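Structural characterization, general
Each chain, written out:
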Amino acid sequence: MRNDAVLPGVSASGMGLRLSQKFVFLLFLSGLVTLCFGALFFLPDTMRLKRIFLSKNENPAVTVGSDNVLSKKVPGDPEHQRAGLKGGEGATVKLKVSRKPSVTHGARTVERSVGSRAQDEWSPAKAHEPAARDERVTSAAQNGQRGSAYSYETFKKCLLKPPLGKNKGTPSDSETLQRREKVKEMMKFAWDNYKRYAWGKNELRPLTKNGHIGNMFGGLRGASIVDSLDTLYIMGLMEEYEEAKEWIQDNLDLNSNGEASLFEVNIRYVGGLLSAYYLTGAEIFKQKVLELGEKLLPAFNTPTGIPRGVINLGSGTSWSWGWASAGSSILAEFGTLHLEFVHLSELSRNPLFTEKVMNIRKLLNKIEKPHGLYPNFLSPVSGNWVQHHVSIGGLGDSFYEYLIKSYLMSDKTDEEAQKMYYSAMEAIEANLVQKSPGGLTYVAEWRGGILDHKMGHLACFSGGMIGIGADDGPAGQKQHYLDLAAEITHTCHESYSRSATKLGPEAFRVDAGAEATATRLSDRYYILRPEVIESYMYRWRLTHDPKYREWGWEAEEALEKHCRVEAGFSGIRDVYASTVSHDNMQQSFFLSETLK
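Numbering of residues starts from 1 in each chain and follows the order in which that chain's sequence is written. A pLDDT threshold of at least 70 governs which residues receive local features in this predicted model, and a stricter bar of 80 or more applies before side-chain atom pairs are shown or counted, although totals over entire chains, interfaces and linings include all residues. Only hydrogens and water are removed before side-chain values are computed, so all heavy atoms of the structure are retained for them.

For the rest of this paragraph, the subject is the pairing of strand β18 (residues 514-517). Two strands are counted as paired when DSSP detects at least two bridges linking them. Each helix is a run of H or I in the DSSP string that is no shorter than four residues. Each strand is a run of E no shorter than two, and both are numbered from the N terminus. When strand β17 (residues 507-511) meets β18, the two strands line up antiparallel, connected through two bridges. For R509, the partnering residue across the bridge sits in β18 and is T517. Hairpin geometry of β17 and β18 is characterised by an intervening segment of two residues between the two adjacent antiparallel strands and by a positive phi of about 50° at A512.

Once that is clear, we can look at the UniProt feature "active site" (unreviewed entry) in the protein chain. The positions that UniProt labels "active site" (unreviewed entry) are, in the present scheme, E264, D397, E506 and E531. Inspection of the secondary structure puts E264 in helix α8 (residues 262-280). Taking the relative accessible area as the measure of exposure, E264 reaches 0% and is therefore buried. Among the structural elements, D397 can be located in helix α13 (residues 397-409). UniProt positions are given in the numbering used here, feature names are shortened, and annotations may be inferred rather than shown by experiment. With a 1.4 Å probe rolled over the protein chains alone, any residue whose accessible area is under 20% of its type maximum counts as buried; one over 50% counts as exposed, and the rest are partly exposed.

All right, on to the sheet that holds strand β5 (residues 259-261) then. In space, the three strands of this open sheet follow the order β5-β6-β7, with antiparallel pairing throughout. Among the strands making up the open sheet, the edge pair consists of β5 and β7 (318-319). One ladder, built from two bridges, connects strand β6 (residues 310-312) with β7; its direction is antiparallel. Across the sheet, the residue bridging to V310 is W319, located in β7.

What follows is about helix α11 (residues 338-348). Residue pairs spaced three or four apart in an α-helix point in one direction, given the helix's 3.6 residues per turn. Within α11, eleven of the eleven residues are buried, which leaves it mostly tucked inside the rest of the structure. Inspection of α11 places H338, L339, E340, F341, V342, H343, L344, S345, E346, L347 and S348 among the buried residues, and these make up the whole buried set. Considering only its buried residues, α11 is in contact with α8, α9 (283-296), α12 (352-366) and α13. Just beyond α11, the residue with positive phi is R349, at close to 60°. By definition, residues are in contact when any of their heavy atoms lie within 4.5 Å.

Attention now goes to the pattern of salt bridges. Definition used for salt bridges: Asp or Glu carboxyl oxygen within 4 Å of a side-chain nitrogen of Lys or Arg. All chains considered together, the criterion is met by 27 salt bridges. In this structure, R498 and E494 form a salt bridge, with 2.8 Å as the shortest nitrogen-oxygen distance. Its relative accessible area of 37% is what places R498 among the partly exposed residues. Put simply, E506 and R529 hold a salt bridge, and the shortest N to O gap is 2.9 Å. Pair noted here: E506 is in the loop between α16 (478-497) and β17 and R529 is in the loop between β18 and α17 (531-543), with a separation of 23 residues, a long-range link. Residues E506 and R529 agree in their burial class; the two are buried.

The subject of this paragraph is the side chain of S224. One can find S224 in helix α6 (residues 223-234). In terms of polar contacts, S224 uses its side chain to reach the backbone carbonyl oxygen of N202, at 2.7 Å. Residues contacting S224, with those up to four places away along its chain left out, are W191, Y194, N202, E203 and S588. Pairs of N or O atoms within 3.5 Å make up the polar contacts considered here, provided that, within protein, one atom can donate a hydrogen while the other can accept it, and that residues adjacent in sequence are counted only when both atoms are side-chain atoms.

What follows covers helix α5 (residues 174-198). Spanning 25 residues, α5 covers 35 Å between terminal C-alpha atoms, matching the ideal 36 Å at 1.5 Å per step. Trailing α5 by a residue or two, G200 shows a phi angle of about 90°, which is positive. A helix is expected to span 1.5 Å multiplied by its residue count minus one.

Here the focus is the packing of aromatic side chains. When the centres of two rings from Phe, Tyr and Trp lie within 6.5 Å, Trp using its six-membered ring, the rings pair. Their planes under 30 degrees apart give stacked, over 60 give edge-to-face, and anything left gives tilted. Per the stated rule, a full pass over the model turns up 27 aromatic pairs. Summarising the aromatic geometry, the rings of Y150 and Y278 are spaced 6.3 Å apart at their centres and angled 90° between planes, so their arrangement reads as edge-to-face. Separated by 128 residues along the polypeptide, Y150 in the loop between α3 (139-142) and α4 (152-157) and Y278 in helix α8 bring together distant segments of the chain. According to the relative accessible area criterion, Y150 is buried, its value standing at 6%. An angle of 70° between the planes, with centres 5.3 Å apart, marks the rings of Y233 and Y241 as edge-to-face. Overall, the relative accessible area of 19% leaves Y233 in the buried class. In this structure an aromatic cluster arises from ring pairing among Y150, Y152, F155, Y277 and Y278. Over the aromatic face of F189 sits the side chain of R564, whose NZ or CZ is 3.8 Å from the ring centroid. A ring is scored as having a charge over it whenever the NZ atom of a lysine or the CZ atom of an arginine sits within 6 Å of its centre and within 35 degrees of its normal.

Written as structure tokens, this is what we have:
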């Protein structure tokens, strides 16, 4: 930065000032210039990211930092990947990830389902390199200010196509249309019962017909309402959408003082509100999400900048989960903030949100990774790995998802995310990807060099993830990645087809002669999770092979038969039992992801 700057074209001697006055005046000017250049230094290099929704020859009047954080779309237009629309029938929808369920099975609390949905638009090197700064910054940014207010109308004009697709994505064949209408009916049934018995609570208990609040959201209410906004909108359930919007306007109180999961609040509330704003432009969603985003920032106040997993939304005090090894932070939790936080910076014109998540990348790139793998536990104090447990299922999953989606959402300019993702994929293939004796491809877990031949339901999102990343890997690897994605999706389908209910278990193993089946009682439950169906959707969008739609319909029929109860939908305790036992919980992600 320039401490000795003088105004161009102005002579100090011509100012008619005494030496001491000149010195004071120049000191003031140098401070002013330093302040301006310093502000420019930290502003996001937003115009460098020609967002995936922008046509190549359009430059909006405002600085646009990145694509819709929550546009979970893939090249070819898969709906459930929030990363860029290029197809016709899907809608811009919320980027969702696998989450911790609100249910306990027996004495064992369900394993955290953290992680499944990243977006980093510019690399730190580019963002902090004056020579690389794009000339098309706004005049406000040139003056060292945060920049002009975000313009939704300008954003809307830059969309390549309507968010809901041509003719709202209505399929041409009657069978597909009838099936789509059936899923819409399921959504309305789930919503109506939530409204009737649990309105304003976080989730519905359909057997006892009451609401559930839980302890993941720090006193926040209405998780199912916020989480479902985009699904209601893209399904055309406008009366229900307006009810949800009105509740958020009048009743979503962010002044809570409880202990919240940073990860869960981010993906359900921040993600839900951002998605709704980008779909509709309703200012109330923007207002609420920026207010909530500010409350999450204190979690990053650690020696390394790696956020802790739990935060008191009132006091800002944060700490690590009691079950996390040695007070560590979880890869899929601190790695599943990037997309939302980049957009918080975009909407607020405050670069602090982006700086926080960029710092996470900086640390991850600096530390050594065993065999190129990212372990699930990292100390927010020392910045070192706490133990070498690696999984693309619970505790790890959405970290990898956010990397590839960061790259795609940045219009493939985020080269750092690209490098991190494909390097991780290479290490995962070399160390975790296995083939069973029966020919099933699966992704095992890694515990200090020893393989655990277990694959969780959460890991089944990887069939979709690997597919959407196939285009941009190492030269000549596209077909390899497409084949790998197909094989993993096939294995996950087998985990469904080999159960009595045709729904998959929480985890299955490949050992002792059992393949794609749960061998432990504690792994047999199904809590309305979306990951397997999500991969079917990606595979359909990428290949248009009709078998993936048929697999999706098989799952819909199983949900109707085994999970639908009088007052909503419920998870089941054992997918292998011919007579099901329900867990009495309609998870918010069933509405926001599975049905979508």
